[in-house]
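Here is how the chains run, residue by residue.
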Amino acid sequence: MAVVSQRVQSLLRHRWGAIDPAVTTAIDLLTERGAAECWHKHSTFLEHLVGVWKILTVWDQRTSVCRAGLFHSAYSNSYVNLRLFDMDQPEDALRLQGIIGEDAESTVRLWCSINRRKEVVDTLLALSRDTPGADPAPLVKTLSGGLDVPSIRDPSTTFHLDPRTVGECVPP
């Protein structure tokens, strides 16, 4: 029998609270808001959100990134119009912050405020393509200086993604 890490074993056994105690409460909140009742791609929206959290957990991302992944579309976004929470309602933001933390909620707010397809796929992934002989300079420049991206909610607003945030947008 293959030996797996404690983290992976907890994921496989659905003992998510052993990885992050906040996840059980977070999943309860998502369920309360109807995430298990919405269809999304090939499963429920809740299963999709939990799946993103699992992937980030296996990739050993920081806790705040994993928690943000669990709620990555909860305010709705450029891909999905399944708003479980309203970022314009302070009580919704405060409720999320109370469960996943301010850093994670801020990341969720960002992901739900930018055109992720354009900024992540068309810009960052295009720059990061691992093509033989490709010049890495454009990606290095982008990663070292961060990236300014427009808001989809207010075109006059621009967000500056610092290098760490840019790096977290590009899958390993």
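Residues numbered from 1 in each chain as written. Predicted model: local features only at pLDDT ≥ 70, side-chain atom pairs only at ≥ 80, totals over all residues. Heavy atoms only, no water.

Helices and strands together make up the secondary structure of the protein, namely 9 helices and 4 strands. Reading the helices (α) and strands (β) of the protein from amino to carboxyl end gives α-α-β-β-α-α-α-α-α-α-β-β-α. Here the contacts in the protein between residues at least 6 apart in sequence split such that 58% fall between residues at least 24 apart. Of the roughly 9,700 Å² of accessible surface on the protein, 53% is carried by carbon and sulfur atoms. (Helix = DSSP H or I, 4+ residues; strand = E, 2+ residues; numbered from the N terminus. Contact = heavy atoms within 4.5 Å. Areas by Shrake-Rupley, 256 points an atom, 1.4 Å probe, with all protein chains shown as cover.)

Enumeration over the complete set of coordinates arrives at 2 aromatic pairs. Aromatic pair tryptophan 16 and tryptophan 53: ring centres 6.1 Å apart, planes at 65°, arrangement edge-to-face. Taken together, the residues span a long stretch of sequence, with tryptophan 16 in the loop between helix 1 (6-12) and helix 2 (22-32) and tryptophan 53 in helix 3 (residues 45-58) at a distance of 37 residues. Of the two residues examined, tryptophan 16 and tryptophan 53, each falls in the buried class. Plain terms: the ring middles of phenylalanine 71 and phenylalanine 85 are 6.0 Å apart, the flat faces sit at 55° to each other, and that makes the pair tilted. On the criterion of sequence distance, the pair formed by phenylalanine 71 in the loop between helix 4 (63-70) and helix 5 (90-100) and phenylalanine 85 in the loop between helix 4 and helix 5 is long-range, its members being 14 residues apart. Across the pair, exposure class does not vary: phenylalanine 71 and phenylalanine 85 are buried alike. (Phe/Tyr/Trp six-rings, centres within 6.5 Å; stacked < 30°, edge-to-face > 60°. Buried < 20%, exposed > 50% of the residue type's maximum accessible area, 1.4 Å probe, protein only.)

With that out of the way, let us pick up the environment of methionine 87. Mapping methionine 87 onto the fold places it in the loop between helix 4 and helix 5. Methionine 87 sits 25 residues away from cysteine 112 along the chain, and the two C-alpha atoms are 9.1 Å apart. Not counting the four nearest positions on each side in its chain, methionine 87 is found in contact with Tyr75, Arg109, Cys112, Ser113 and Arg153.

A separate point is the side chain of serine 64. Take serine 64: it is sitting in helix 4. Discounting chain neighbours no more than four positions away, the residues touching serine 64 are Asp103 and Ala104.

Axis separation between helix 2 and helix 3 bottoms out at 10 Å; the angle between their running directions is 155°. Classified by the angle their axes make, helix 2 and helix 3 are roughly antiparallel. By crossing handedness, the relation of helix 2 to helix 3 is classed as right-handed. In contact with Val23, Ile27, Leu30 and Thr31 of helix 2, helix 3 contributes Leu46, Leu49, Val50 and Trp53. For the contact of helix 2 with helix 3, the residue count by class is 7 nonpolar, 1 polar and no charged. (Axes fitted to C-alpha atoms, helices over the stretch in contact; angles between N-to-C directions. Parallel < 35°, antiparallel > 145°, perpendicular 65-115°, else oblique. Left-handed = near helix turned anticlockwise from the far one by under 90°. Nonpolar A, V, L, I, M, F, W, Y, C, P; charged D, E, K, R; others polar.)

Okay, the environment of leucine 49 next. Within the secondary structure, leucine 49 sits in helix 3. Setting aside residues no more than four positions away along its own chain, leucine 49 makes contact with Leu30, Gly69, Leu70, His72, Ser73 and Leu84.

Before going further, it helps to examine the nonpolar core. The biggest cluster of nonpolar side chains holds 34 residues, and the ones touching the most others in it are Leu30, Leu70, Phe71, Tyr75 and Phe85. In terms of residue count, helix 3 provides more of this core than any other element does, 7 residues in total. Aside from chain neighbours lying at most four places away, what touches phenylalanine 85 is Leu29, Leu30, Arg33, Phe71, Ala74, Tyr75, Asp92 and Leu96. Among the nonpolar cores identified, the runner-up in size contains 7 residues, and Leu110, Ile114, Val149 and Leu161 belong to it. (Core = buried A, V, L, I, M, F, W, Y, C linked by side-chain atoms within 4.5 Å.)

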